[in-house]
Amino acid sequence: MGDRHVVGRRETVTNGSAVKTLLCLGHGYTAQALSGMLTTAGGWHVVGTARSRDRFGRIIETGAEPRSWPGDDISSDVAAADCILVSIAPDQDGDPVLRALSDQVASSASRVQWVGYLSTTAVYGDRQGGWVDEGSELTPSTERGRWRVAAEEAWQRLSRRTGLKLHIFRLAGIYGPGRGPLHQLLSGRKSRIVRSSQKFNRIHVIDIARILHASMLRPAPGSIYNVCDDCPATTEEVMEYAARRAGVDLPDKVDIENAMLSEMARSFYSESKMVRSKHVKAHLSVRLRYPNFKSGIDALLSDPEKSE
């Protein structure tokens, strides 16, 4: 059977199998990895949004179809989506997607098979190096964390009201090709910020994409997943390993008190916690390709541009 299209909703059929549509509201680093994975494997049509048309090139490179949003009317894309990924950060006024598209998302709730909201482990706040998991109380200690908790709650209210098949993913520190400690070292970073007592988890972007894909294939509405590796560590440990493996000198140390940081960056360094990812293992059966920073850094050294 050849390809066919239905007006209003994309229903492409290739080799007898329907092609599903993913709408990425915010086509940043993580969405790019997921889009590339899905379009390369086949069976998916991906639409990605960006604030500026200058970013369209990156969207197209992943095999996705670009939209300028906010700006363009994307109500037809919401209506056509089988799955929706939300990766736009909230602000002091709440979640920008819900402000603009809550009615459209609500009207599609009974048909959309999966909605993924990308949150952050900042919702757990500072635990002074202690452990948290998906069942831990949310005690955000920064403005950014409080905004995320409010956004999660807003999406959960919409889900309860409409039956929206919501899944929340709380991401740890993301790294991968072109991003993270190895990239910083190889790009000639001159200093590294040290807070010796701070531990946190990381996650390779391709493992995020694999977890999201697994959830899309096995929806479990209402689920919350911590998306992190199994090796919480200090920044110093990670930088030292990356420098040793790359054969480069470590940048000079800078104490957090003397560092020139944005408010967002400083809020990140104010928290220390170790995160367990119970539900990814138990419910999705995903085995991380990079379960610790050493395996991730080694893979990036072997091919810095490779994302799989």
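Here, every reference points to the structure presented above.
Read on for an overview of the structure. Note that this is a predicted model, so its numbers are computed, not measured.

Take the overall build of the protein next. Looking only at helices and strands, the protein has 11 helices and 15 strands in total. Referenced to the eigenvectors of the C-alpha coordinate spread, the extents of the protein come out at roughly 60 × 40 × 40 Å. For the protein, with 308 residues in total, the buried portion stands at 49%. At a minimum sequence separation of 6, the contacts of the protein that also span at least 24 residues come to 78%. Accessible surface computed for the protein: about 14,500 Å², of which carbon and sulfur atoms make up 47%.

Another point: the sheet that holds strand β5 (residues 65-68). Pairing in this open sheet of seven strands is parallel, and the strands run β5-β4-β3-β6-β7-β9-β13 from one edge to the other. With partners counted over all chains shown, the strands left at the sheet margins are β5 and β13 (224-227), one partner each. Each strand axis lies, on average, 20° off the axis of its neighbour in the sheet, ignoring direction. Relative to strand β9 (residues 166-171), strand β7 (residues 114-120) is paired through six bridges, and the arrangement is parallel. Note that in β9 the partner of Thr120 across the bridge is Leu171.

A separate point is the nonpolar core. By size, the foremost hydrophobic cluster in this structure holds 54 residues, and its most contacted members are Leu22, Leu85 and Phe169. For this core, the leading source of residues is helix α7 (residues 205-217), giving seven residues. For Leu85, the residues in contact, after removing those within four places along its chain, are Leu22, Leu23, Cys24, Leu25, Ala31, Leu34, Trp114, Gly116, Leu118 and Leu212. In terms of nonpolar packing, the next biggest core, distinct from the first, is built from 27 residues, Leu23, Ala81, Tyr117 and Ala154 among them.

Attention now goes to the side chain of Asp82. Structurally, the position occupied by Asp82 is in the loop between α3 (75-80) and β6 (83-86). Using a relative accessible area of 3% as the deciding quantity, one classes Asp82 as buried. One polar contact links the side chain of Asp82 to the main-chain amide nitrogen of Thr21, over a distance of 2.7 Å.

Applying the stated criterion across every chain, the model contains four aromatic pairs. What links up through ring pairs into an aromatic cluster is the set Trp114, Phe169 and Tyr225. When the ring centre of Phe200 is taken as origin, the NZ or CZ atom of Arg202, which lies over that ring, is 3.8 Å away. The positively charged end of Arg276 is found above the aromatic ring belonging to Trp131, 4.2 Å away from the centroid.

The next subject is the packing of helix α1 (residues 29-41) against α7. At a minimum axis distance of 9 Å, the contact between α1 and α7 shows a crossing angle of 60°. Between α1 and α7 lies a crossing whose hand is right-handed. The segment α1 lies against α7, with Tyr29, Thr30, Ala33, Leu34, Met37 and Leu38 engaging Val205, Ile206, Ile208, Ala209, Arg210, Leu212, His213 and Met216. Of the residues that constitute the contact of α1 with α7, the class distribution is 11 nonpolar, two polar and one charged.

The subject of this paragraph is helix α5 (residues 143-162). The end-to-end C-alpha separation of α5 is 29 Å, in line with the 28 Å expected for 20 residues at 1.5 Å each. Listing the buried residues of α5 in full gives Gly145, Arg148, Val149, Ala151, Glu152, Ala154, Trp155, Leu158 and Ser159. Elements in contact with the buried residues of α5: β6, α4 (96-107), β7 and β9. Looking one or two residues beyond α5, the residue adopting positive phi is Gly163, at roughly 80°.

Structurally, Ser159 is set in helix α5. For the pair Ser159 and Pro140, spaced 19 residues apart in sequence, the C-alpha to C-alpha distance is 22 Å. Ignoring anything within four residues of it in the chain, the contact list for Ser159 reads Leu164 and Leu166.

When the charged atoms of two side chains lie near each other, side chains of opposite charge can form a pair. Enumeration over the complete set of coordinates arrives at 11 salt bridges. Where Lys273 meets Glu271, a salt bridge forms, and the shortest distance between an N and an O atom there is 2.9 Å. Each of Glu65, Arg67 and Asp77 takes part in a single network of salt bridges with overlapping partners.

Rules of the game
- Residues numbered from 1 in each chain as written.
- Predicted model: local features only at pLDDT ≥ 70, side-chain atom pairs only at ≥ 80, totals over all residues.
- Heavy atoms only, no water.
- Helix = DSSP H or I, 4+ residues; strand = E, 2+ residues; numbered from the N terminus.
- Buried < 20%, exposed > 50% of the residue type's maximum accessible area, 1.4 Å probe, protein only.
- Contact = heavy atoms within 4.5 Å.
- Areas by Shrake-Rupley, 256 points an atom, 1.4 Å probe, with all protein chains shown as cover.
- Pairing = 2+ DSSP bridges.
- Axes fitted to C-alpha atoms, helices over the stretch in contact; angles between N-to-C directions.
- Core = buried A, V, L, I, M, F, W, Y, C linked by side-chain atoms within 4.5 Å.
- Polar contact = N/O pair within 3.5 Å; in protein donor to acceptor, adjacent residues only side chain to side chain.
- Phe/Tyr/Trp six-rings, centres within 6.5 Å; stacked < 30°, edge-to-face > 60°.
- Lys NZ or Arg CZ within 6 Å of the ring centre and 35° of its normal.
- Left-handed = near helix turned anticlockwise from the far one by under 90°.
- Nonpolar A, V, L, I, M, F, W, Y, C, P; charged D, E, K, R; others polar.
- Expected span 1.5 Å × (residues − 1).
- Salt bridge = Lys/Arg side-chain N within 4 Å of Asp/Glu carboxyl O.

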